Amino acid sequence: MHTACVVGTGLIGTSIALALTGRGVTTYLIDRDPDSVRIAAALGAGVPGPPPDPVDVAVIAVPPSEVARTIADHQKAELARVYTDVSSVKALVHAECLALGCDTTGLVGGHPMAGGERSGPLAARADLFQDRHWILTPTPESRESALNRVLELVSLCGAVPVLLPPADHDRAVALVSHLPHLMASLTAARLVDGEEYAVRLAGRGMRDVTRTAAGDAGLWTDILAANAAALGPLLAELGRDLTTAARALARLTEDVPQEHPAALAELTGVLRRGSTGRARIAAPHGPAGADRHRVLSIAVGGPQRQLERLLGDVAEARVDLEGMVLPDAPAVPDTTDGAVELWVAPDVARPLTDALRDRGWVVR
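Residues numbered from 1 in each chain as written. Predicted model: local features only at pLDDT ≥ 70, side-chain atom pairs only at ≥ 80, totals over all residues. Heavy atoms only, no water.

Draft legend 1. Inspection of the overall build of the protein at higher detail. Each helix and strand counted, the protein has 14 helices and 13 strands in total. Seen through its C-alpha atoms, the protein measures out along the principal axes to roughly 70 × 60 × 40 Å. Scored against the burial criterion, the 364 residues of the protein give a buried share of 39%. Once local pairs closer than 6 in sequence are excluded, the contacts in the protein between residues at least 24 apart make up 69%. As displayed, the protein has an accessible area near 19,600 Å², and 55% of this comes from carbon and sulfur atoms. Charged side chains in the protein number 34 positive and 44 negative. The centres of these two groups are separated by 2 Å. (Helix = DSSP H or I, 4+ residues; strand = E, 2+ residues; numbered from the N terminus. Buried < 20%, exposed > 50% of the residue type's maximum accessible area, 1.4 Å probe, protein only. Contact = heavy atoms within 4.5 Å. Areas by Shrake-Rupley, 256 points an atom, 1.4 Å probe, with all protein chains shown as cover. Lys, Arg positive; Asp, Glu negative; His and termini not counted. Charge placed at Lys NZ, Arg CZ, Asp CG, Glu CD.)

Draft legend 2. Spatial organisation of the nonpolar core. I16, L20, F129, W134, L153 and C157 are the most contacted members of the largest nonpolar core, which has 36 residues in total. Contributions of two or more residues to this core are made by β1 (3–7), α1 (11–22), α2 (34–42), β4 (57–60), β7 (133–137) and α5 (144–156). At 7 residues, α1 tops the list of elements feeding residues into this core. What L20 contacts, discounting residues up to four positions off in sequence, is M1, A4, V25, T27, L153, L156 and C157. (Core = buried A, V, L, I, M, F, W, Y, C linked by side-chain atoms within 4.5 Å.)

Draft legend 3. Representation of the packing of aromatic side chains within the structure. Applying the stated criterion across every chain yields a total of 1 aromatic pair. Note on F129 and W134: the rings are 5.1 Å apart at their centroids and 50° apart in plane angle, and the pair reads as tilted. Residue F129 shares its accessibility class with W134, and that shared class is buried. (Phe/Tyr/Trp six-rings, centres within 6.5 Å; stacked < 30°, edge-to-face > 60°.)

Draft legend 4. Structural context of the environment of A248. By the element assignment, A248 lies in helix α10 (residues 228–253). Each C-alpha atom, one on A248 and one on A262, is 8.1 Å from the other, the two residues being 14 residues apart in sequence. If we skip the residues at most four places from it in the chain, A248 touches A263, E266 and L267.

Draft legend 5. Here's a closer look at the sheet that holds strand β11 (residues 323–325). Spatial ordering of the open sheet is given by β9-β13-β11, a layout of 3 strands whose pairing is antiparallel. A strand with exactly one partner marks an edge of an open sheet, and here the two such strands are β9 (294–299) and β11. Direction aside, the axes of adjacent strands within the sheet are offset by 20° on average. Of the strand pairs in this sheet, β9 and strand β13 (residues 339–344) are connected by 6 bridges, and their pairing is antiparallel. The partner of L296 across the bridge, within β13, is L342. (Pairing = 2+ DSSP bridges. Axes fitted to C-alpha atoms, helices over the stretch in contact; angles between N-to-C directions.)

Draft legend 6. Local environment of the sheet that holds β1. Within the open sheet, the 8 strands sit side by side as β3-β2-β1-β4-β5-β6-β7-β8. Their pairing is mixed. Each edge of the open sheet is held by one strand with a lone partner, namely β3 (47–48) and β8 (160–163). In this structure, β7 lies alongside β8, joined through 4 bridges in parallel fashion. Opposite W134, over in β8, you have P161 as the bridge partner.

Draft legend 7. Helix α13 (residues 305–316), seen in detail. Between its first and last C-alpha, α13 extends 16 Å over 12 residues, near the 16 Å set by a 1.5 Å rise per residue. For α13, the full list of buried residues reads L307, L310, D313 and V314. Each buried residue of α13 sits inside an arc of 120° when the element is viewed along its axis, so together they form one side. Those residues of α13 that are exposed and angled more than 90 degrees off the buried face are R305, E308, A315 and E316. Of the residues flanking the end of α13, it is R318, one or two places downstream, whose phi is positive at about 55°. (Expected span 1.5 Å × (residues − 1). Arc of directions from axis to C-beta.)

Draft legend 8. The arrangement of helix α9 (residues 217–226) in detail. Listed as buried for α9 are W220, D222, I223, L224 and A226. Those residues of α9 hidden inside the fold are in contact with α3 (64–76), α4 (91–99), α6 (166–189) and α10.

Draft legend 9. Just the packing of α3 against α4, in detail. Relative to each other, α3 and α4 sit at 30°, their axes nearing to 9 Å. Between α3 and α4, the crossing angle belongs to the class labelled roughly parallel. The crossing of α3 and α4 is right-handed. On the side of α3, the interface is formed by P64, V67, A68 and I71, while α4 contributes V93, E96 and C97. (Parallel < 35°, antiparallel > 145°, perpendicular 65-115°, else oblique. Left-handed = near helix turned anticlockwise from the far one by under 90°.)

Draft legend 10. Summary view of unusual backbone geometry. Here the phi dihedral of D131 falls at roughly 65°; this positive angle occurs in a residue that is not glycine. Tracing the backbone through its elements, the reader meets D131 in the loop between β6 (107–112) and β7. One non-glycine residue, R318, adopts positive backbone phi at about 55°. Inspection of the secondary structure puts R318 in the loop between α13 and β11.

Given below as C-alpha cells:
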C-alpha cells in the first residue's frame, strides 16, 4: 500500500490517518468540515483534500447512516480501488450499499474495536488501534485482493483482524458495545436530578460505569438506531432482569418477613449471573485468559517493603491489576526474592510499563 484516503477526520478517521502516515503511506484527508481537516493535517495525519489519482484504499469514517451514500458518491468519482468503512453496524450498511448500486466487489466492511469518550481529531492517536481487535466483514462478492488490501491496512495500524459475517458482527457489538453504552447513558441520566451532595460522593465506580456516556449523543443515536434489530432482544432480556430485581427489592421493603428469603434468593440469582458473565471477560490466569492480558515482569529483590513500594507505584499510576503472581517464598523472612508478574489489560500495559520505569523499576 502506497496511498490512502480517509473520508471523515474524527477520532477514528484521524487516528487511522496518523497510523498510516507514520508507516509511510501517503494519506489524503477529506471531510465536509474544513476545520476538522485542517486540524488533522496540522497533527500530521496527512494531506488535506482529495488525491490527484485513485488511491489504493479509501477509509470511510462517517456515521452509519451516511456510509452507503458516501461510498456510492466516491466510487462514482473513482476515489480509490478498494473501499472499507469503520461503522459499528454492518448488515444494514451493506444492504444500503447494494440498494444504491455500489460496487461491493471492492468493498470490505470494517469496524476497529477502539475509541474513547472524546470525539474529534484532537483526541486522535496513532497507536489507538495497537493490539486491538479490528473486525472485517467481507461478503461473498468481495474480491480476495480487496480483502488482502484491507488486511494490510489493519496490519499497518497495529490491530488484530477478526473476520465475521455482517449479521454476526452486529449481534456481537450489540452485546459488548452498544448495550453497555446505552446502560452507561441511562445510569448517568440518574445523576441529572440527583442531590448535589450525592453527586459529589460519586467515586471511581460510578465514573467507570458511566464513562462512555460522555460520547457524542447524536452519533450514538445513529449507531443504536442502525443496530436496532440486534439490540432490541438484548434490551428485552435486560428488562426482565431489571423487573426481577425491582420486584425483589420491593418485597424486601414490605413488612412480610416470610417473603424475604425468596426475594433475597431472586436478587442473589441476578447478581450471581452478573459475576458469571464478568468472569468470561476477566478470565483467571492460564490459557483461557492469556490472550486477554499482558504480563509485566518486575524484578523485586530485598526487603518486603520493595513489594509494598511497587504496589504503591502501581496505584499511583491509576491502573487496575487483573492479577499478580509472586515469586516463591524466600528463605529469609520479610524479604522478596525474584520477579513479580503483574497481569494487566492490553491497553494499559504500555502506560504502566512507562510509569514504572520512570520510578526506577526494571520491567520486562
